[in-house]
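# Commentary on secondary and tertiary structure
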Amino acid sequence: MENKLITAIVGSSIARNISVKNIENETNEVRLRFKSGSDCADALSWLESTDGQFFMRNVNQLIFILGTNDIHRVGAFETAQRIDYTIEKIRRLYSGVNIIWQLLQQRTRKTWLLPEGQAVLNEIEKCNGFLLELAAKKKFDIIQPAIPIQYMYDGLHPSKYGVEMMEATIRNYLQQNKMVYSSSFSNVPRRFQSNVYPPPLMSINL
């Protein structure tokens, strides 16, 4: 018995202009919650709240578009640690929900730790390397719209074209990773296709 797949997106202001109407279709429902300035701790606190639990009702998979504000505050290594902790907590809170994390997009705006420009880009690349390894270790999915830097119009947020790239990436993920449900046995989704995870890029202790 195949039911409608419900996907929730939780993000920072990077996700603010995403239109769920550009992603969902007759077999997919998409929900979006973003908050400007949100980091992993803020998003997790909200997902633990009554409002967050209501938002997550019947959700099958959860896409995070987070991490840019974390890297602004604490850098690549601790951002990866925060993401690891967030995923562990979500798996305990919402058992059976498939987790997807969007890799950090390029930004040139300075952070608390780094000056504007290449130093920030290097830190994001380092963080994304940690994330790829973490995904292989903890078995969650990664998506990457790979928005060109010229489409991050203010050095931080995606332009209209950048947003369309994110929407297309999510839409393609949903099309390629369909789930089916058997009401006779379990409400936990089973995927049509298995994921192939990239090999670890480096050794880190998370």
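Throughout this document, residue positions are counted from 1 along each chain, in the order its sequence is written. Only residues with pLDDT of 70 or above have their local features reported here, since the model is predicted, and side-chain atom pairs are shown and tallied only from 80 upward, although totals for entire chains, interfaces and linings are computed over all residues. Excluded from the side-chain calculations are hydrogens and water; all other atoms, namely the structure's heavy atoms, are used.

- Per an unreviewed UniProt entry, the recorded name for the protein chain is SGNH hydrolase-type esterase domain-containing protein, and the organism is Rotaria sordida.

### Section: the overall build of the protein chain
- Counting from the N terminus, the helices are DSSP H or I runs at least four residues long and the strands are E runs at least two residues long. Scanning the protein chain from terminus to terminus reveals five helices and seven strands.
- For the protein chain, the succession of helices and strands along the chain, N to C, is β-β-α-α-β-α-β-α-β-α-β-β.
- Buried residues in the protein chain amount to 51% of all 206 residues.
- The contact criterion used throughout is that any non-hydrogen atoms of two residues lie within 4.5 Å. Here the analysis covers contacts within the protein chain between residues at least 6 apart in sequence; of these, 69% occur between residues at least 24 apart.
- Accessibility throughout is a Shrake-Rupley quantity obtained with a 1.4 Å probe, and a residue counts as covered only by protein chains that appear here. Accessible surface, the protein chain as shown: approximately 10,300 Å² in total, 50% of it carbon and sulfur. Buried residues are those whose accessible area, probed at 1.4 Å on protein chains only, stays under 20% of the maximum for their type, while exposed residues exceed 50% and partly exposed ones sit between those limits.

### What to know about the sheet that holds strand E5 (residues 141-143)
- Paired strands, in this sense, are two strands between which DSSP finds at least two bridges. Spatial ordering of the open sheet is given by E2-E1-E3-E4-E5, a layout of five strands whose pairing is parallel. For this open sheet the edge positions go to strand E2 (28-34) and E5, each flanked by a neighbour on one side alone. Across the sheet, the mean angle separating the axes of adjacent strands is 20 degrees when strand polarity is ignored.
- Relative to strand E4 (residues 98-102), strand E3 (residues 61-65) is paired through four bridges, and the arrangement is parallel. Looking at E4, one finds that Phe-64 is bridged to Trp-101. Axes, fitted as lines to C-alpha atoms, cover a helix only where it is in contact. Angles between the N-to-C directions of the axes lie from 0 to 180 degrees.

### Description of the pattern of salt bridges
- Salt-bridge detection follows one rule: a side-chain nitrogen of Lys or Arg within 4 Å of a carboxyl oxygen of Asp or Glu. As enumerated under the stated definition, the model contains twelve salt bridges in all.
- We note a salt bridge from Glu-164 to Lys-160, for which the minimum N-O separation is 2.6 Å. Of this pair, Glu-164 and Lys-160 both sit in helix H5 (residues 160-176), four residues apart, which is roughly one turn of the helix.

### Overview of the environment of Lys-21
- Mapped onto the elements, Lys-21 comes out in the loop between strand E1 (5-11) and E2.
- For the pair Lys-21 and Arg-31, spaced ten residues apart in sequence, the C-alpha separation works out to 9.8 Å.

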